[in-house]
Amino acid sequence: MSKFRRKTGKSQPAISTASLPDIVFMLLFFFMVTTVMREVTLLVQNRKPFATEIVKLERRSLVSYIYIGPPIKSLQAQFGTEPRIQLNDQFATLNDIGPYIADERERRNEAERPLMTVSIKADKTVKMGLITDLKFELRRAQALKINYSTIKGKPFGEK
Amino acid sequence: MARRAAPEINAGSMADIAFLLLIFFLVTTTMDVDSGISRKLPPYDEREPPEQPPIKERNILRVLVNSQDLLLVDDQYMKLEDLKDYAKRHISNFGKEDNLSESPEKHVISLQNDRGTSYEMYVAVQNELTAAYNELRDEESLKRFGRKFNLLTENQAKEIADYYPMKISEAEPVKLK
């Protein structure tokens, strides 16, 4: 019996936590590399429609975004519920599209300008009238490569 | 003076600092990859477009979407689920049926919507039409090269894309009943 009693007196050696920072740092670097900071605060609702035949937009630096949708709940008292266009951090009208595209084009270097894509991030409740007007403005601004931003899924997947 | 060994720095709090940063990045990260349906708009020209040779009626697939999000394809009411198969039949008809296209080269899909059509419906229609093209291209690439379209080399992909060119023409929206 005394054999067993002797063992209980010794405590287990503590598990070394010296490698814990390494593991955490590994995770940290992973998230630092993959993270993309949201560039704009959304002023409009943005529930994207669903589609299955989608292509990924490579090279974020070549993509400009146009948001369309009804203003978010907290701004509806001020701006109503009619769908609006958002460029950068503010509401815009159709007349602002041309200057916006020109400005975006100016920021890219010359070789990359033809590769510029405009990503239309529209809420699924928006009517096509506004989208058509927007497309017309884009054509006038010579921004012909567009992408209708969607989520992968069956059309009309979730209401 | 007797040299004393510098006391070891306690690294126990390193993990805490790293965790703090980690949590910050975890919270701010947005993992959404941008994806969607890509399209090319026709260039804008203020002048009247030059006279085009008329396109034979049988080569045109007319897709109309009204403000109630209802589909009318070649003057018939159609459900969204049937659009893809009908478009595939139209594109790959090769002159077999009289009211469908003569060849993939000559076909045109004319898409017209109302100003009141919802964006969701529009994207769904675009999606179905794209699906029709993608499936036809996949079938043809499997037949010719034994691989799916997106796995082909650049030249092979061009060959298939030329064989089944994507021809979707969008007219200005009108008031549709």
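See above for the structure.
What counts, and where the lines are drawn
- Residues numbered from 1 in each chain as written.
- Chains lettered and ligands numbered in written order.
- Predicted model: local features only at pLDDT ≥ 70, side-chain atom pairs only at ≥ 80, totals over all residues.
- Heavy atoms only, no water.
- Salt bridge = Lys/Arg side-chain N within 4 Å of Asp/Glu carboxyl O.
- Helix = DSSP H or I, 4+ residues; strand = E, 2+ residues; numbered from the N terminus.
- Buried < 20%, exposed > 50% of the residue type's maximum accessible area, 1.4 Å probe, protein only.
- Core = buried A, V, L, I, M, F, W, Y, C linked by side-chain atoms within 4.5 Å.
- Contact = heavy atoms within 4.5 Å.
- Buried area = accessible area lost by both parts, 1.4 Å probe.
- Pairing = 2+ DSSP bridges.
- Axes fitted to C-alpha atoms, helices over the stretch in contact; angles between N-to-C directions.
- Right-handed = clockwise from strand over helix to strand, strands pointing away.

Draft legend 1. Looking closely at the pattern of salt bridges. Per the counting criterion, the structure on display carries 16 salt bridges over all chains. Put simply, A:Glu137 and A:Arg140 hold a salt bridge, and the shortest N to O gap is 3.9 Å. Taken together, the positions of A:Glu137 and A:Arg140, both in helix H5 (residues 128-140) and three residues apart, correspond to about one turn of that helix. By relative accessible area, A:Arg140 is classed as partly exposed at 44%. As a salt-bridge pair, B:Arg144 and B:Glu159 come within 2.6 Å of each other at their nearest N and O atoms.

Draft legend 2. Representation of the nonpolar core. Among the nonpolar cores identified, the biggest contains 49 residues, and A:Ile66, A:Ile68, A:Ile120, A:Leu138, B:Val63, B:Tyr119 and B:Val125 are the most heavily contacted of them. If you tally residues by element for this core, the top one is helix H3 (residues 119-145) of chain B, at ten residues. With residues up to four places along the chain from it excluded, the contact list for B:Tyr119 reads A:Pro49, A:Ile120, A:Ala122, A:Asp123, A:Lys124, A:Val126, A:Met128, A:Ile131, A:Tyr148 and A:Ser149. By size, the runner-up hydrophobic cluster in this structure holds nine residues, among which are A:Val44, A:Val63, A:Tyr65 and A:Tyr67.

Draft legend 3. Looking closely at the interface of chain B and chain A. Every contact between the two is made by 48 residues of chain B and, on the other side, 55 residues of chain A. Here chain B meets chain A over a buried area of about 4,800 Å², counting both sides, of which 62% is carbon and sulfur. Three residues, B:Asp34, B:Leu41 and B:Tyr119, lead the burial of chain B against chain A; their summed loss comes to 18% of the area buried on that side. The tally of links between chain B and chain A comes to three salt bridges. For A:Asp133, the salt bridge is made with B:Arg115, and the minimal N-O distance between the two is 2.8 Å. At the level of secondary structure, the elements contributing two or more residues to the side of chain B that touches chain A comprise helix H1 (14-28), strand E1 (35-40) and H3 of chain B.

Draft legend 4. Summary view of the sheet that holds strand E4 (residues 76-78) of chain B. All names here are of chain B. If you trace the five strands from one edge of the open sheet to the other, you get E4-E3-E2-E5-E6, paired in mixed fashion. Since the sheet does not close on itself, it has two edges, and those belong to E4 and strand E6 (168-170), each with one partner. Taken over all neighbouring pairs, the strand axes of this sheet differ in orientation by 30° on average, direction set aside. Inspection of the sheet shows strand E3 (residues 71-73) paired to E4 by three bridges, in the antiparallel sense. If you follow Val73 over to E4, its bridge partner there is Gln76.

Draft legend 5. Representation of the pairing of strand E7 (residues 145-149) of chain A. With four of five residues buried, E7(A) lies mostly within the body of the structure. In this sheet, E7(A) lies alongside strand E6 (residues 117-122) of chain A in parallel orientation, the contact comprising three bridges. The residue of E7(A) that forms the bridge with A:Ser119 is A:Asn147. Running through H5(A), the crossover from E6(A) to the neighbouring parallel element E7(A) is right-handed. Summarising the sheet, E7(A) and E1(B) pair through five bridges and their orientation is antiparallel.

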